[in-house]
Structure formats: structure tokens, C-alpha cells
Amino acid sequence: MMKYWDDIDSRLIKLIKNGYCFLPSIKSLIDTDKYYEIIMNETRNKSYNENCNSHIKLLNEFGFNDILAPKLFDLSKSTFNYTGSIKNQYHIVRNVFPNQLSESYRGHFDSHLFTLIIPINIPDSDFHNNGQLAFFPKARNLPQSEIINFLQKLYFKRFNSKKGFQALSVKKEILYENFLNYRPLIFLGMLTFHGNLPISDCYRQTLLSHYFDPSPSWGVGSLLRNIRKR
């Protein structure tokens with residue numbers, strides 16, 4: 001298990017430089033089929049599930065909490081002057097169901113400094129539109145105030161469509177990831193505009209971990225999270 005994290009420091013250097021980095025594949029480390037069944041039984045038919053027990057168990061067992069999170073916390077302080085708590089985290093199971101078009105082209109910036117995506121059930125894109133991630137690393141600078149953050153998020157809403165993603169790709173670098181190799185992805189959540197492409201008749205499950213929201217308690221991200229809990 002510890003060998004998995006041998007080169008984590010060099011990978012995190014790439015994260016800060018490029019806006020994203022990949023971790024080694026988890027396919028030989030984690031029984032993803034087993035976890036998929038367990039998590040589906042726990043989350044049932046909900047698309048978004050916060051702090052799912054089996055999700056948190058996976059993060060604890062495989063070093064994401066004990067090894068990765070503290071390193072991201074140190075980076076948040078040294079790179080972004082983050083002054084909050086290491087406990088400021090938000091963990092979500094994302095289930096996408098067959099032909100669920102409402103989940104496509106929902107482009108956005110996250111409210112947390114870092115976003116981790118762990119693929120659990122990824123359909124083969126040779127036969128399906130598998131809801132691939134499209135992301136624009138460092139599409140903006142870190143907003144210097146909550147007002148700027150809100151206005152920028154509002155401005156980028158204009159790109160929430162297939163044509164919008166194509167138009168933005170003329171101005172900003174766009175990358176695609178289908179996660180068929182089961183490599184977790186970390187990116188700078190607040191700076192990376194991202195969304196998923198359409199999915200056909202297949203199921204997709206990813207685990208999303210968001211680390212360290214620097215905005216005040218009345219900020220946009222906190223407000224949206226409270227709304228989702230209702």
C-alpha cells in the first residue's frame with residue numbers, strides 16, 4: 001500500500017505547475033467491482049450522496065485521508081495562503097445513470113482548492129458515450145474576493161452546453177479523461193472549469209473529494225452545499 005504513494009511529492013509538484021496530476025491506477029489495489037456494488041446498495045438511486053460510509057472507509061483504508069490530505073493541506077497553506085482547518089472537506093459519491101442527459105455539460109468551478117476524482121465504475125467508451133470528464137486546467141486565476149468569485153462563476157455559465165465547451169476550448173486548453181485506466185485525478189478545483197460529456201445506456205460511478213474551501217461561511221459554495229442538503 002505504501003508503495004502507491006512513493007512518488008506523491010513529484011506528482012503534487014505537477015499539480016501546482018499544470019493545474020492537475022494523476023495518481024497511479026487503483027485497479028490492482030482496490031476491488032472496484034466490490035466497492036461499486038456496496039456503494040450502489042448504500043446510495044440507491046441518488047445521483048449525489050454526501051459522506052457515504054463506504055466512501056469514507058475507502059479513503060481511510062487506502063491512504064487518501066492519512067497521506068494525501070495532509071500533503072494537500074500543506075500545499076493549500078504554502079501556495080494559496082489557506083488559513084482554515086484540514087477538516088474542511090466535502091466528499092461526494094456521484095452516480096450517473098443510463099441516458100441521464102441532465103448530468104452532461106454542467107460546467108462549473110468547484111468551491112474547494114483541490115478536487116480528487118476516484119473512478120469506481122467506468123463503462124467502456126469503445127461501446128458507450130461514458131460520460132467522460134472535460135476540463136480546462138487553470139481556466140481562471142484564484143479569485144481575490146467572494147464577489148469576483150461569484151461574478152466569474154456567473155460569467156462561465158454561458159459555456160454550459162456542447163457549443164459552449166467548444167467555444168471555450170478555442171480560448172482555453174481543454175483536456176478529456178475517460179478514466180478507463182482507473183487513475184485517480186487531482187486538479188485545482190477553484191481554478192479548473194470542468195463538466196462531463198453525455199452518457200448513453202450505462203452506469204458510471206466516481207468518488208469526489210473536495211479539499212479546503214477558502215471562502216467565508218456565507219460564500220457561494222457553502223450556500224449551494226446547504227441547499228443540496230435540504
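This text follows the structure it describes.
First, a word on what this report is: a plain description of the structure on this page. (Residues numbered from 1 in each chain as written. Predicted model: local features only at pLDDT ≥ 70, side-chain atom pairs only at ≥ 80, totals over all residues. Heavy atoms only, no water.)

Bringing helix α5 (residues 146–156) into the picture now. Listed in full, the buried residues belonging to α5 are Glu146, Asn149, Lys153 and Phe156. Summarising the axial view, the buried residues of α5 lie within an arc of 95°, below the 170-degree limit, and thus occupy one face. The exposed residues of α5 that point more than 90 degrees off its buried face are Ile147 and Leu154. (Buried < 20%, exposed > 50% of the residue type's maximum accessible area, 1.4 Å probe, protein only. Helix = DSSP H or I, 4+ residues; strand = E, 2+ residues; numbered from the N terminus. Arc of directions from axis to C-beta.)

We now examine the nonpolar core. In this structure, Leu12, Leu58, Phe64, Leu68, Phe114 and Ile118 are the most contacted members of the largest nonpolar core, which totals 53 residues. In terms of residues, this core owes the most to one element, helix α4 (residues 64–80), which gives eight residues. The residues contacting leucine 12, other than those within four sequence positions of it, are Cys21, Leu68, Lys71, Leu72, Leu75 and Ile186. With twelve residues, the next largest nonpolar core counts Ala139, Phe156, Phe159 and Phe165 among its residues. (Core = buried A, V, L, I, M, F, W, Y, C linked by side-chain atoms within 4.5 Å. Contact = heavy atoms within 4.5 Å.)

With that settled, consider the pairing of strand β7 (residues 185–188). When a strand is regular, its side chains alternate between the sheet's two faces. A two-sided burial pattern is seen for β7, the buried positions comprising Leu185 and Phe187 on one face and Ile186 and Leu188 on the other. Strand direction decides the pairing type here: strand β4 (residues 114–121) and β7, joined by four bridges, are antiparallel. Of the residues in β7, the one forming a bridge with phenylalanine 114 is leucine 188. (Pairing = 2+ DSSP bridges.)

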